[in-house]
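Fold and contact review
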Amino acid sequence: MGDGDAVEIDGGIMEGGGQILRVSTALSCLLRKPLRVKNIRAGRSQPGLRPQHLSGLEMVRHLCDGQLEGGKIGSTEITFIPGKIKGGTHVADTKTAGSVCLLMQVAMPCVLFADSPSELRLKGGTNAEMAPQIDYTVMVFKPIVEKFNLTLDCEIKRRGYYPKGGGEVIVRMSPIKQLSAVNLTDRGTVTKIHGRAFVAGALPIKLAKDMSSAAVRCIRKEFRDLYVNIQAVQELENEAFGSGSGIIIVAETSTGCLLAGSSLGKRGKSSDKVGIEAAEMLLGNLRHGGAVDDYLQDQLIIFMALANGVSRVKTGPITLHTQTAIHFAEQLTKAKFTVTKSEDEESSKDAYIIECQGTGMLNANL
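Residues numbered from 1 in each chain as written. Predicted model: local features only at pLDDT ≥ 70, side-chain atom pairs only at ≥ 80, totals over all residues. Heavy atoms only, no water.

As for the sheet that holds strand β13 (residues 244-253)
With respect to topology, 4 strands assemble into an open sheet ordered β11-β10-β13-β14, the strand pairing being mixed. What marks the edges here is a single partner per strand, and that holds for β11 (228-234) and β14 (258-264). For this sheet, the mean inter-axis angle between neighbouring strands, taken without regard to orientation, is 15°. Note that strand β10 (residues 190-200) and β11 share 7 bridges and pair parallel. Residue pairing across strands places Arg-196 opposite Gln-231, the latter belonging to β11. Where helix α5 (residues 205-220) meets the sheet, its contacts fall on β10, β11 and β13, and the angle it forms with β11 comes to roughly 165°. Seen against the sheet, helix α6 (residues 271-287) touches β10, β13 and β14 and runs at an angle of roughly 155° to β14. (Pairing = 2+ DSSP bridges. Helix = DSSP H or I, 4+ residues; strand = E, 2+ residues; numbered from the N terminus. Axes fitted to C-alpha atoms, helices over the stretch in contact; angles between N-to-C directions. Contact = heavy atoms within 4.5 Å.)

Things to note about the pattern of salt bridges
For the coordinates displayed, the defined rule picks out 26 salt bridges. Among the salt bridges present, the one from Lys-86 reaches Asp-65, with a minimum N-O distance of 3.2 Å. Of this pair, Lys-86 sits in the loop between β4 (78-81) and β5 (88-93) while Asp-65 sits in the loop between α2 (51-63) and β3 (67-69), and the two are 21 residues apart along the sequence. For Glu-146, the salt bridge identified is with Lys-142, shortest N-O distance 2.8 Å. Given a relative accessible area of 22%, Glu-146 falls into the partly exposed group. Classification of Lys-142 by relative accessible area gives partly exposed; the value is 24%. (Salt bridge = Lys/Arg side-chain N within 4 Å of Asp/Glu carboxyl O. Buried < 20%, exposed > 50% of the residue type's maximum accessible area, 1.4 Å probe, protein only.)

What follows is the structure in structure tokens.
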């Protein structure tokens, strides 16, 4: 492989996880820069590529007719040589409960700059630990990321849970000429809080009702006059594989901001605890006065880097995931990020502004 000019990435620094791989592979593909990543997930209990990372890499390799070296489970070094991004149907199957939402994170920026519409068929876990739940992706990530001037269609065919996976999500996207910069700095006031508590498989609906009422009680302490509606749902048998439970709660604001809190049930964890955990996460996200929650921060960085113009996003304390995404976005693109403490009156002392002078990447295929 002719990779003499490959960008060298140390996958073990900062957050040191799969996210470094996702951001750098997507940008390598978009910029057609060969990439070598070493020390992949060096700090993790099982270092190297796990099934979900490998299936994500394989999908990106496929969607740009690229070449991948070192692509096997456990591998701590890969070399990737991207080709031309093409539309069409691209499949990724983790064959585990590996997160479909994380698969989406690596492929989605790439197919925006394809030559024709794309369909991503993603298989694995839809509501899994250590990753956004698919409900978060649909209820929060989608409407906010669409502000960059793109359209994301996400169909949940079947839900899948830990440890079996077996879920499937279909993402449809059309290419765009260029991403627009965003300004997400005015949080506004909370106008409604809604969500869904779910059980699937063998678990009784009572668990979902208990999660919901515990969450509502917790939120009521801070928002006495607001209508809080968290539906308890039993997933349909043909729309879920295996058993699982969890909750997502979303707050909408007067300026169209969306912030969330979520939690998953697991054996030995009471339904009340699951509900309260999600409610407290939401309340924490609302206290810092940011216009996005702590989980959206890092997911927006790659779009800010590619967009045309200056994007500004007000957040709570900057997460390590976000610092990591900024570091690698700057290393691979010419985007320039600055993070400053937010000075305005109404936000708490923990609010920050992430500003980015985007590269204004153009889709040469259109």
